[in-house]
Amino acid sequence: MNRKPLSILIAAALTLGSLSASNAFAFEKQTANFIANDYQQHLAPLWDHFHRNPELSLMEQKTAKRLAKELRAVGFEVTEKVGGTGIVALMKNGDGPMVMVRADMDGLPVVEQSGLANASKVKMKDWNGETVGVMHACGHDVHITSLVGTARYMAENKDKWSGTLMLIGQPAEERGPGASAMMADNLWQRFGQPDYAFAFHVSANTESGKIVVDEGSPYAGADTVDITVHGIGAHGASPHQGKDPIVIGAQIVNNLQTIISRELAPRYAGVITVGAFHSGTKHNIISDEAKLQLTVRSLTPQVREQLLSAIKRIAIGTARTAGMPEDKLPEVVVSEFSFPPTFNDQKLAKRLKGVLSDKMGSDTLLEPAETGMGAEDFGFFTTEPYIPSVYFKVGGTPKVDFERAAAGGAAVPSHHSPQFKITPEPAIKSGVEATVHALLDVMAKK
């Protein structure tokens with residue numbers, strides 16, 4: 001038997017390993033270069049177009065039309081007007097899993113004061129018929145531009161993956177009914193139920209080029225609650241002849257604060273905020289009605305039910321204590337436009353962190369540091385039925401801006417602020433690159 005010396009075999013193995021590592025590095029560099037070139041040639045002007053032309057929730061007609069055009073141009077089969085203005089784009093590429101990537105399309109009724117050269121000057125009639133300024137004050141223009149970038153890469157590199165890629169342009173994330181409307185339009189029954197789902201949100205609170213993957217719940221569930229407090233009207237000089245709904249409402253507001261501090265277990269999270277209190281018409285008239293508007297945030301179905309139940313109990317109990325008759329007790333209405341919590345599949349999240357660390361560098365990943373209870377309707381797609389999913393964050397603010405703010409300079413504007421702005425190039429390129437690596441991992445050719 002002709003046996004080669006062990007030293008030769010070891011050298012050959014090392015050479016193969018080196019070639020394998022070299023090939024992997026070359027592929028990752030090719031991916032980054034493709035995305036960088038595509039940004040300069042196509043995505044940058046596309047983002048500029050979307051940023052200049054925002055549309056309100058449920059009114060994203062032109063945005064959806066342009067997004068559909070972009071996806072058709074690279075070979076996707078596109079269906080429009082799903083759940084209103086939503087679009088679904090499919091690309092079938094052999095056997096393999098069906099994987100969904102979602103991007104939300106809507107802007108906000110905010111007059112842009114970002115100082116950007118391409119600041120929106122759009123005005124639209126809102127849902128009440130009032131003319132308002134509109135801007136992409138939450139970065140959805142970055143999301144849909146990145147979705148196009150992802151589509152262009154995957155269409156150009158079909159030899160690297162197999163399965164069915166589903167891209168979703170979702171309306172009305174800001175207002176609430178977008179994802180649920182698409183599901184009510186038989187999304188999975190019509191197009192197939194994904195095996196995995198991904199989405200990301202650009203973050204003004206995170207450094208450009210950095211990625212945050214939470215292994216738990218990156219976004220809370222949100223409920224909108226309206227409380228109508230009834231009273232008995234009277235002259236302001238004779239309060240004893242009526243029942244003042246402003247006083248009762250104020251007591252309800254104060255009593256609601258005890259739910260989180262004294263009823264919710266200390267290790268559980270929840271928020272109850274009274275965002276609006278409306279009552280009365282004149283200085284010396286005791287009104288017969290007050291209206292409270294609440295947002296309620298939770299991370300589990302159990303806590304959600306506890307908070308909503310306690311709000312109703314306290315509102316009614318406070319009015320009874322004030323002597324209101326049973327037929328004039330407060331009405332507590334929970335809006336149908338509620339968001340379930342967004343839960344990342346822990347196994348898939350860990351897998352994605354490993355992939356992004358390997359492909360984009362370990363220094364790209366940041367640990368979750370969210371301290372608020374922001375909400376997101378992505379959970380409508382992934383909760384019932386359960387679909388393993390990851391919703392991650394992509395940084396959108398240059399490091400120098402954070403350093404300037406820390407030194408006493410201008411603060412970094414928050415989402416929904418008129419001054420909100422994202423540095424598009426690093427955010428879009430990172431968003432596309434992270435999404436592409438996620439897709440190539442779960443849709444790898446066997």
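Everything numeric in this text was worked out from a predicted model, so none of it was measured. Counting restarts for each chain, with residues numbered from 1 along the sequence as it is written. Thresholds applied to this predicted model are a pLDDT of at least 70 for local features of residues and 80 or more for the giving and counting of side-chain atom pairs; totals over whole chains, interfaces and linings are not thresholded and use all residues. Just so you know, side-chain values use all the structure's heavy atoms and leave hydrogens and water out.

Trainee: Help me out: how do you make sense of the overall build of the protein in this one?
Mentor: For the protein, the helix and strand inventory stands at 11 helices and 16 strands. When the backbone C-alpha atoms are referred to their principal axes, the protein occupies close to 110 × 55 × 50 Å. The classification of residues rests on relative accessible area computed with a 1.4 Å probe and restricted to protein chains. Under 20% of the type maximum is buried, over 50% is exposed, and intermediate values are partly exposed. Burial status across the protein gives 49% buried among its 446 residues. Here, residues are in contact when the closest pair of their heavy atoms is within 4.5 Å. Across the protein, every contact between residues at least 6 apart in sequence was considered, and the portion connecting residues at least 24 apart equals 81%. For the protein, the exposed surface amounts to about 21100 Å²; the carbon and sulfur share of it is 52%. Averaging the positions of the 44 positive and the 48 negative side-chain charges in the protein gives two centres separated by 3 Å. Working definition: helices are DSSP H or I runs of at least four residues, strands are E runs of at least two. Numbering for both runs from the N terminus. Where accessible areas are quoted, they stem from the Shrake-Rupley method and a 1.4 Å probe; at the residue level, only the protein chains shown are allowed to cover. In this tally Asp and Glu are treated as negative and Lys and Arg as positive; neither His nor the chain ends contributes. All charge positions are set by atom: Lys at NZ, Arg at CZ, Asp at CG, Glu at CD.

Trainee: Would you mind going over helix H7 (residues 301-321) with me for this structure?
Mentor: Note that an α-helix has 3.6 residues per turn; residues three or four places apart therefore point the same way. Here H7 is 21 residues long and its end C-alpha atoms lie 30 Å apart, about the 30 Å a rise of 1.5 Å per residue gives. Buried residues along H7 sit in contact with strand S9 (221-230), helix H6 (245-263), strand S11 (270-279), strand S13 (289-298) and strand S14 (331-334). To estimate the expected span of a helix, subtract one from its residue number and multiply by 1.5 Å.

Trainee: What is the right way to read helix H2 (residues 61-73) from this model?
Mentor: Taking 1.5 Å as the rise per residue, H2 with 13 residues should run 18 Å; its terminal C-alpha atoms sit 18 Å apart, in good agreement. Buried residues of H2: Thr63, Ala64, Leu67, Ala68, Glu70 and Leu71, and no others. For H2, the angular spread of buried residues about the axis comes to 160°, placing them on one side. Exposed and oriented more than 90 degrees from the buried face of H2 are Lys62, Lys65, Lys69 and Ala73. Downstream of H2 by one or two residues, Gly75 has phi in the positive range, about 105°. Comment: arc refers to directions from the helix axis out to C-beta atoms.

Trainee: It is not clear to me how the sheet that holds S14 should be interpreted in this structure. Could you clarify?
Mentor: Across a sheet, paired strands are connected by hydrogen bonds in the backbone, their directions being either parallel or antiparallel. Strands were regarded as paired on the criterion that DSSP finds at least two bridges between them. The strand order across the open sheet built from four strands is S11-S13-S9-S14, with neighbouring strands paired in antiparallel fashion. Of all strands in the sheet, those with a lone pairing partner are S11 and S14, marking the two edges. For this sheet, the mean angle separating the axes of adjacent strands, direction not counted, is 20°. Bridge count between S9 and S13: 10 bridges; the pairing is antiparallel. The residue of S13 that forms the bridge with Asp223 is Val296. Strand contacts of H6: S9, S11 and S13, with the helix running at about 175° to S11, the strand carrying the most contacts. Strands in contact with H7 are S9, S11, S13 and S14; relative to S13, the strand with the most contacts, it is inclined by about 160°. Interaxial angle, 0 to 180 degrees, is taken between N-to-C directions of lines fitted to C-alpha atoms, where a helix line uses only the stretch in contact.

Trainee: Looking at this structure, I do not really get the side chain of Thr382. What am I missing?
Mentor: Tracing the backbone through its elements, the reader meets Thr382 in helix H9 (residues 379-382). On the accessibility criterion, Thr382 (5% relative accessible area) is buried. Ignoring sequence-local partners within four residues, the contact set of Thr382 consists of Ala197, Ile387 and Ser389.

Trainee: I would appreciate a short explanation of the sheet that holds strand S6 (residues 163-170) in the present structure.
Mentor: Pairing is mixed across the open sheet formed by eight strands, whose spatial order is S1-S2-S6-S3-S7-S16-S8-S15. Because the sheet does not close on itself, it has two edges, and the strands there are strand S1 (77-82) and strand S15 (365-366). Relative to strand S16 (residues 389-397), strand S7 (residues 196-207) is paired through eight bridges, and the arrangement is parallel. Within S16, the position partnered with Phe198 by the bridge is Val390.

Trainee: Looking at this model, I keep getting lost on the packing of helix H8 (residues 346-360) against helix H11 (residues 424-442). Mind explaining?
Mentor: A pair of packed helices can be characterised by two numbers: the angle between their axes and the separation between those axes. Packing of H8 against H11 brings their axes to within 10 Å, and their N-to-C directions diverge by 115°. Pair H8 / H11 crosses with right-handed handedness. In this structure, H8 contributes Leu348, Arg351, Leu352, Val355, Leu356, Lys359 and Met360 to the contact, and H11 contributes Ser430, Glu433, Ala434, His437, Ala438, Asp441 and Val442. When residues are grouped by polarity, Ala, Val, Leu, Ile, Met, Phe, Trp, Tyr, Cys and Pro land in nonpolar, Asp, Glu, Lys and Arg in charged, and all others, Gly among them, in polar. Grouping the constituent residues of the contact of H8 with H11 by class yields eight nonpolar, two polar and four charged. Whether a crossing is left-handed or right-handed is set by the direction in which the near helix is turned from the far one by less than a right angle, anticlockwise for left-handed and clockwise for right-handed.

Trainee: Please clarify how the environment of Asp288 should be interpreted in this entry.
Mentor: Relative to the assigned elements, Asp288 resides in the loop between strand S12 (285-286) and S13. You can call Asp288 partly exposed: its relative accessible area is 48%. Each C-alpha atom, one on Asp288 and one on Gly221, is 33 Å from the other, the two residues being 67 residues apart in sequence. Not counting chain neighbours up to four residues away, the residues in contact with Asp288 comprise Val229, His230, Gly231, Ile232, Gly233 and Pro245.

Trainee: Explain the packing of aromatic side chains to me, please; I cannot follow it from the model alone.
Mentor: Centre distance and the angle of the planes are the two values used to describe a pair of aromatic rings. Under the pairing criterion, centres of Phe, Tyr and Trp rings, with the six-membered ring standing for Trp, must be within 6.5 Å; the plane angle then separates stacked pairs below 30 degrees from edge-to-face pairs above 60, leaving the rest tilted. On inspection of all chains with the given rule, the structure shows seven aromatic pairs. With centroids separated by 5.1 Å and ring planes inclined at 90°, the aromatic side chains of Phe34 and Tyr153 adopt a geometry described as edge-to-face. Within this pair, whereas Phe34 is found in helix H1 (residues 6-52), its partner Tyr153 is found in helix H3 (residues 140-156), the two being separated by 119 residues in sequence. For Tyr153, a relative accessible area of 0% corresponds to the buried category. Between the aromatic rings of Phe378 and Tyr391, the centroid separation amounts to 5.4 Å while the plane-to-plane angle is 65°, which identifies the pairing as edge-to-face. A residue pair is termed long-range when its members are at least 10 positions apart, and Phe378 in the loop between S15 and H9 and Tyr391 in strand S16 qualify at 13 residues. Take Phe378 and Tyr391: they sit in the same class, and that class is buried. Ring pairing ties together the aromatic residues Trp188, Tyr219, Phe378, Phe381 and Tyr391, which thus form one cluster.

Trainee: Help me understand the pairing of S7 in this model?
Mentor: Successive side chains on a regular strand alternate, one facing one side of the sheet and the next facing the other. Within S7, nine of the 12 residues are buried, which leaves it mostly tucked inside the rest of the structure. The sheet contact formed by strand S3 (residues 98-104) and S7 spans four bridges and is parallel. Each bridged residue has a counterpart across the sheet, and for Val101 the counterpart in S7 is Phe198.

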